Amino acid sequence: MINPTKNYERKVVAWLRQPNILDILCERQSSLRSAGGSALREKITALRQEGTSALARLCHDIDLTILLSLFEHEIMTYVPPAFSSPSPSPSPQASPALPRAMRAPAPYHRDFETKLKNFYRKLEAKGLGQGPGKLKLGIRRDRLLEDAFTKIMAASKKDLQRSKLYITFSGEDGLDYGGPSREFFFLLSRELFNPYYGLFEYSANDTYTVQISPISAFVERYPDWFRFCGRVLGLALVHQYLLDVFFTRPFYKALLRSPVSLSDVEALDAEFHQSLLWVKDNDLATSTLDLTFTVTEELCGRAVDKELKPGGRNIPVTEKNKKEYLERMVRWRLERGVTSQTESLLKGFHEVLDPRYVQLFDARDLELVIAGTLEIDVADWRKNTEYRSGYHDSHPVVQWFWLAIERFDNERRLRLLQFVTGTSSIPYEGFAGLRGSNGPRKFCIEKWGKPSSLPRAHTCFNRLDLPPYPSPDMLHDKLLLAVEETATFGIE
């Protein structure tokens with residue numbers, strides 16, 4: 001049996017053994033020639049000299065993984081020159097420049113972490129969200145949706161793409177090192193995508209995932225509102241903030257312009273999905289169904305027939321054409337009543353983010369990038385927590401803190417996470433992937449204050465200032481009070 005992993009490893013090594021490989025690599029990663037790139041150059045040399053054994057040893061090296069991902073196509077289509085009498089131990093420096101043989105693609109799977117890092121690398125290389133200009137948004141908490149709509153829709157395409165984001169909440173003195181922006185996207189997403197406002201609705205299967213609602217066509221200025229939704233999604237991706245919303249799988253596919261499938265219908269309408277499955281799995285020649293390329297839909301309270309293709313009412317569905325019928329039915333069900341809204345949303349999304357940048361993701365990937373995960377893993381949280389000013393994992397107050405977390409239900413844990421970090425979303429890689437104002441920053445608990453004080457949070461730094469309470473009950477009560485009652489930022 002062919003081992004695709006071994007084939008890939010041999011292909012990587014063969015590609016790296018080209019005599020001019022350093023020049024090739026530096027075309028896309030110029031820092032490789034600098035002093036800071038010496039460690040990575042040594043790894044490349046090891047791969048060239050030791051072959052697949054070195055690749056197995058370095059397979060979890062993230063810098064090397066990112067570098068190789070930049071040359072995915074070149075690696076997978078490269079076939080080394082054919083030698084008439086190959087040396088058992090060829091020198092990588094002496095490989096003759098013979099014509100290449102026929103090139104054929106090979107299977108290759110790039111993990112999500114590499115995709116994500118490559119995505120952010122592309123954004124940085126293109127200057128998205130890097131400044132030097134600032135997109136300053138002054139937001140009133142009691143008019144958050146209104147203010148966000150007015151100011152984001154007034155921004156130019158250039159400002160949306162290039163400027164750094166700077167959020168201030170009216171009447172609050174906090175400086176935006178990431179915390180206010182993070183909370184802004186969290187709060188905005190909770191309102192904007194809430195079915196209460198009529199733009200979105202819950203899926204047919206749960207009250208957890210949402211999709212564009214057909215009745216949104218009756219919302220005043222709905223094209224502008226969906227364009228605004230698209231801009232918000234784009235800004236969140238560019239500035240690496242999570243949103244408190246989970247969409248149906250077809251929604252993510254629409255953002256990616258990916259083809260839909262029969263299974264995508266199930267999330268929207270389980271009963272309709274079952275009827276299409278029956279058509280797919282049964283022989284229509286023996287069926288009493290009299291299907292044509294039409295579908296019945298409700299329009300202004302009346303049932304009307306709509307053709308799925310020109311002349312569809314006169315085209316019977318047979319075994320020969322039912323594949324096309326199912327494809328058209330799926331597309332109709334997914335797009336029914338929301339085509340205009342989807343196009344407006346995509347217009348806003350593309351005003352911020354070039355659609356080519358997200359093409360490396362699939363729908364599941366994009367869900368993780370936008371929303372992170374939901375259920376909190378307390379063990380993972382504790383494992384990825386740091387302590388300062390005398391606290392440590394075995395300190396009695398710290399142990400009482402984790403005891404309180406165990407007593408909290410998941411909703412209160414999410415609220416505590418929002419209190420400290422500005423959002424209740426968790427990155428796809430868990431608490432190890434939490435970000436602060438200047439990059440990755442773990443959850444931190446610092447000893448601070450007097451037992452009479454409430455805990456306080458610094459969302460820009462994912463830090464909880466926890467006083468040395470004398471008992472577990474007092475800690476539990478104070479922590480709960482802080483989480484339930486506090487919603488503002490202070491100057492650190």
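Just so you know, these numbers come straight off a predicted model, no measurement behind them.

Asks: Sorry, what's going on with the overall build of the protein chain here?
Replies: Helices and strands together make up the secondary structure of the protein chain, namely 20 helices and 13 strands. Burial analysis of the protein chain (492 residues in total) assigns 47% to the buried set. Pairs at least 24 apart in sequence give 68% of the contacts found in the protein chain among residues at least 6 apart. Split by element, the accessible area of the protein chain, about 25,400 Å² in all, is 51% carbon and sulfur.

Asks: When you look at the pattern of salt bridges in this model, what are you seeing that I'm missing?
Replies: If charged atoms from side chains of opposite charge come close, those side chains can pair. Applying the stated rule across the entire model yields 26 salt bridges. K280 is the salt-bridge partner of D281, the closest N and O atoms lying 3.6 Å from each other. With relative accessibility at 54%, the residue D281 sits in the exposed group. With a relative accessible area of 45%, K280 lands in the partly exposed category. In this structure, the salt-bridge partner of R382 is D393, at a minimum N-O distance of 3.0 Å. Of the two residues, R382 is situated in helix α17 (residues 378-383) and D393 in the loop between β8 (385-388) and α18 (396-407); the sequence distance between them amounts to 11 residues. When its relative accessible area of 29% is taken as the criterion, R382 is described as partly exposed. Salt bridges linked by common partners bring R388, E446, R456, R463 and D465 together as one network.

Asks: Explain the sheet that holds strand β5 (residues 246-247) here, please?
Replies: Sheet strands pair by backbone hydrogen bonding; their relative direction is either parallel or antiparallel. If you trace the 3 strands from one edge of the open sheet to the other, you get β3-β4-β5, paired in mixed fashion. Pairing within the sheet leaves two strands with one partner each, and these edge strands are β3 (200-202) and β5. For β3 and strand β4 (residues 209-212), the ladder comprises 3 bridges, and the chain directions are antiparallel. By the bridge assignment for β4, E201 is matched with Q211.

Asks: What is the right way to read helix α19 (residues 410-421) from this model?
Replies: An α-helical turn contains 3.6 residues, so any two residues separated by three or four positions project in the same direction. Its 12 residues give α19 an end-to-end C-alpha distance of 16 Å, which sits within 8% of 16 Å, the value for a rise of 1.5 Å per residue. Along α19, 9 of the 12 residues are buried, which leaves the element largely enclosed by surrounding structure. Of the positions making up α19, those classed as buried are N410, R413, L414, L416, L417, Q418, F419, V420 and T421. For α19, the N-terminal cap is D409; the gap from its side-chain oxygen to the backbone nitrogen of R412 is 2.9 Å.

Asks: Is there a simple way to think about the environment of E351 in this case?
Replies: With respect to the secondary-structure elements, E351 resides in helix α15 (residues 339-352). On the basis of relative accessible area, E351 is assigned to the buried category, the value being 11%. When the C-alpha atoms of E351 and G230 are compared, they prove to be 8.4 Å apart, with 121 residues separating the residues in sequence. Dropping the residues within four chain positions of it, E351 is found in contact with K157, Q161, R227 and R231. Looking at E351, its side chain comes within polar contact range of the side chain of R227, at 3.0 Å. Within polar-contact distance, the side chain of E351 engages the side chain of R231 at 2.8 Å.

Asks: What is the right way to look at unusual backbone geometry in this model?
Replies: Trans is the common state for peptide bonds, and a negative phi is the common state for residues other than glycine. Here the residue pair G131 and P132 is connected by a cis peptide bond, since its omega of 10° sits within 30 degrees of zero. Structurally, the position occupied by P132 is in the loop between α7 (112-125) and β1 (134-139). Notably, S389 is not glycine yet its phi reads approximately 60°, a positive angle. Mapped onto the elements of the fold, S389 is located in the loop between β8 and α18.

Asks: Please explain the confidence of the model for the protein chain as it appears in this structure.
Replies: Parts of the model with low pLDDT should not have their predicted coordinates read in detail. In this model, the protein chain carries a mean pLDDT of 81, and residues with pLDDT of at least 70 account for 83%. Every residue in residues 1-5 is under pLDDT 50, and counting partners more than four places away or in other chains gives 2 contacts. Here residues 487-492 is a poorly scored stretch, pLDDT under 50, and it has 17 contacts once near neighbours within four places are set aside; other chains count.

Asks: Help me understand the pairing of strand β13 (residues 463-466) in this model?
Replies: Here β13 shows no split at all, with R463 and D465 on one side and L464 and L466 on the other all buried. Judged from the 4 bridges that link them, strand β11 (residues 443-447) and β13 form a sheet pairing that is parallel. Across the sheet, residue I445 finds its bridge partner in β13, namely L464. Where strand β12 (residues 456-458) meets β13, 3 bridges bridge the pair, whose relative direction is antiparallel. Within the sheet, the bridge partner assigned to R456 lies in β13 and is D465.

Rules used throughout
Residues numbered from 1 in each chain as written. Predicted model: local features only at pLDDT ≥ 70, side-chain atom pairs only at ≥ 80, totals over all residues. Heavy atoms only, no water. Helix = DSSP H or I, 4+ residues; strand = E, 2+ residues; numbered from the N terminus. Buried < 20%, exposed > 50% of the residue type's maximum accessible area, 1.4 Å probe, protein only. Contact = heavy atoms within 4.5 Å. Areas by Shrake-Rupley, 256 points an atom, 1.4 Å probe, with all protein chains shown as cover. Salt bridge = Lys/Arg side-chain N within 4 Å of Asp/Glu carboxyl O. Pairing = 2+ DSSP bridges. Expected span 1.5 Å × (residues − 1). Polar contact = N/O pair within 3.5 Å; in protein donor to acceptor, adjacent residues only side chain to side chain. pLDDT = per-residue confidence, 0-100.

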